[in-house]
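What follows is each chain in one-letter form.
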Amino acid sequence: MDATCPLVAKVHAEARRFASDGYLVALIGHEGHEEVEGTLGEAPDSVALVQTAADVGALQPPDPGKVAYLMQTTLAADEAADIAEALRERFPAARAPGSDDICYATTNRQRAARAVAAEADLVLVAGSANSSNSVRLVETAQRAGTTAYLIDGPSDIELSWLAGVSAIGLTAGASAPPEVVQDIINALRGLGTVEVSERVITTENIRFSLPKEVRQS
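For the structure given in this document, a descriptive report is provided here. (Residues numbered from 1 in each chain as written. Predicted model: local features only at pLDDT ≥ 70, side-chain atom pairs only at ≥ 80, totals over all residues. Heavy atoms only, no water.)

1. Structural notes on the overall build of the protein chain
1) Next: Along the backbone of the protein chain there are 7 helices and 6 strands.
2) Next: Along the protein chain, helices and strands appear, N-terminal first, in the series α-β-α-β-β-α-α-β-α-β-β-α-α.
3) Next: With respect to the three principal axes, the spread of C-alpha positions in the protein chain is 65 × 50 × 30 Å.
4) Next: With 217 residues in all, the protein chain has 41% of them scored as buried.
5) Next: Pairs at least 24 residues apart make up 76% of the contacts formed inside the protein chain by residues separated by at least 6 positions.
6) Next: Summed over its atoms, the accessible surface of the protein chain is roughly 11,700 Å², and 50% of this surface lies on carbon and sulfur atoms. (Helix = DSSP H or I, 4+ residues; strand = E, 2+ residues; numbered from the N terminus. Buried < 20%, exposed > 50% of the residue type's maximum accessible area, 1.4 Å probe, protein only. Contact = heavy atoms within 4.5 Å. Areas by Shrake-Rupley, 256 points an atom, 1.4 Å probe, with all protein chains shown as cover.)

Okay, structure coming up:
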């Protein structure tokens, strides 16, 4: 059963299309990430991984006029934008994705993390260490100037983090179960009175259809 995220499948299709048209595809992403490995495998002879703006200088396309770039869907938007800008500066004719590669859920959560970080003394991100979008949320809060930690659940919270903290921002990676967020709130309530206030940045209304095998069953 193919349960590939449709947004990731879009990047795969873009990689194949650009490669078939003779382009060198610069894939903006992180080495070793499962999604990056999958996209590299779609056109291994035509896709080059670019992790930083400095990596752009090492690209040696056969034809500098035929360079395209794609993005890992779970990147931090500002990080990816800096690398894309470096690519456009070196290769002015570089082709961009037909539409945003970065997942809307990832982008929305990063916007929310920045908003919450601006009001908090500490930000906790519920998510796994191997979740790229969760790690990006921590980095987003830190870039906003707020101390932030990635936690799998309440047991990962260290009391020393809470010293002198009155406002805690809490967010979660795109795949973290909502129950984990509530578990963290309940754990904090065990330490004293907690007032919870939600910050709504946007409302997501995108829906994807189930894999055909599930629909048919």
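2. Quick look at the packing of aromatic side chains
1) Next: Under the criterion given, the structure shown has 3 aromatic pairs.
2) Next: For the ring pair Tyr149 and Trp161, a centre distance of 3.8 Å and an interplane angle of 5 degrees mean the geometry is stacked. Placement of the pair is Tyr149 in strand 5 (residues 147-151) and Trp161 in the loop between strand 5 and strand 6 (168-172), with a sequence separation of 12 residues.
3) Next: Look at Trp161 and you get buried, because its relative accessible area is 16%.
4) Next: One Lys or Arg, Arg17, reaches over the ring of Phe18 and ends 5.1 Å from the middle of that ring. (Phe/Tyr/Trp six-rings, centres within 6.5 Å; stacked < 30°, edge-to-face > 60°. Lys NZ or Arg CZ within 6 Å of the ring centre and 35° of its normal.)

3. Observations concerning the layout of surface pockets
1) Next: Its boundaries defined by the atoms lining it, the largest pocket holds a volume of some 1,400 Å³.
2) Next: Along the walls of the largest pocket sit 37 residues, with Leu170, Thr171, Val181, Ser197 and Glu198 positioned nearest its centre.
3) Next: Contributing elements (two or more residues each) for the lining of the largest pocket: helix 4 (104-117), strand 6 and helix 6 (178-189).
4) Next: Tallied by class, the residues present in the lining of the largest pocket amount to 21 nonpolar, 10 polar and 6 charged.
5) Next: Secondary structure elements with two or more residues in the lining of the second largest pocket: helix 1 (6-20), helix 2 (34-42), helix 4 and helix 5 (132-143).
6) Next: Per-element tally for the lining of the second largest pocket: the top contributor is helix 4, with 4 residues.
7) Next: Of the residues in the lining of the second largest pocket, the class split is 9 nonpolar, 9 polar and 5 charged. (1 Å grid on protein atoms, 1.4 Å probe; cavity = no way out; pocket = protein on both sides within 12 Å on 5 of 7 lines; lining within 4 Å. Points joined across faces, edges and corners; volume = space filled by probe spheres on them. Nonpolar A, V, L, I, M, F, W, Y, C, P; charged D, E, K, R; others polar.)

4. Quick word on the pattern of salt bridges
1) Next: Here the structure, examined in full by the defined rule, presents 7 salt bridges.
2) Next: Salt-bridge contacts for Lys10 lead to Asp101; the nearest nitrogen and oxygen are separated by 2.7 Å. In this pair, Lys10 sits in helix 1 while Asp101 sits in the loop between helix 3 (77-90) and helix 4, placing the two residues 91 residues apart along the sequence.
3) Next: In this structure Asp101 comes out as buried when scored by relative accessible area, which is 2%.
4) Next: Close ionic contact of Arg88 with Glu85 constitutes a salt bridge, the shortest N to O distance being 2.9 Å. (Salt bridge = Lys/Arg side-chain N within 4 Å of Asp/Glu carboxyl O.)

5. Some points on the environment of Tyr23
1) Next: Among the secondary structure elements, Tyr23 is positioned in the loop between helix 1 and strand 1 (24-28).
2) Next: Taking the C-alpha atoms as reference points, Tyr23 and Gly164, 141 residues apart in sequence, are found 54 Å from one another.
3) Next: Those residues in contact with Tyr23, other than ones at most four positions away along the chain, are Phe18, Ser46, Lys66, Val67, Ala68 and Arg95.
4) Next: One polar contact links Tyr23 to Arg95, side chain to side chain, over a distance of 3.2 Å. (Polar contact = N/O pair within 3.5 Å; in protein donor to acceptor, adjacent residues only side chain to side chain.)

6. Some thoughts on helix 4
1) Next: A rise of 1.5 Å per residue sets the reference length of helix 4, with its 14 residues, at 20 Å; its end C-alpha atoms lie 20 Å apart and thus fit the reference within 8%.
2) Next: Among the residues of helix 4, those classed as buried are Ala105, Thr106, Asn108, Gln110, Ala112, Ala113, Val116 and Ala117.
3) Next: Along its buried surface, helix 4 packs onto helix 3, strand 4 (122-126), helix 5 and strand 6. (Expected span 1.5 Å × (residues − 1).)

7. Considering the pairing of strand 1
1) Next: Burial runs high along strand 1: 5 of the 5 residues are buried.
2) Next: The two faces of strand 1 match: Leu24, Ala26 and Ile28 on one face and Val25 and Leu27 on the other face are all buried.
3) Next: The pairing of strand 1 with strand 3 (residues 67-71) spans 5 bridges and is classified as parallel. Across the sheet, the residue bridging to Ile28 is Met71, located in strand 3.
4) Next: Alignment of strand 1 against strand 2 (residues 47-50), held across 4 bridges, turns out to be parallel. Bridge pairing links Ile28 to Val50 in strand 2.
5) Next: As a crossover connection, the stretch from strand 1 through helix 2 into strand 2 is right-handed. (Pairing = 2+ DSSP bridges. Right-handed = clockwise from strand over helix to strand, strands pointing away.)

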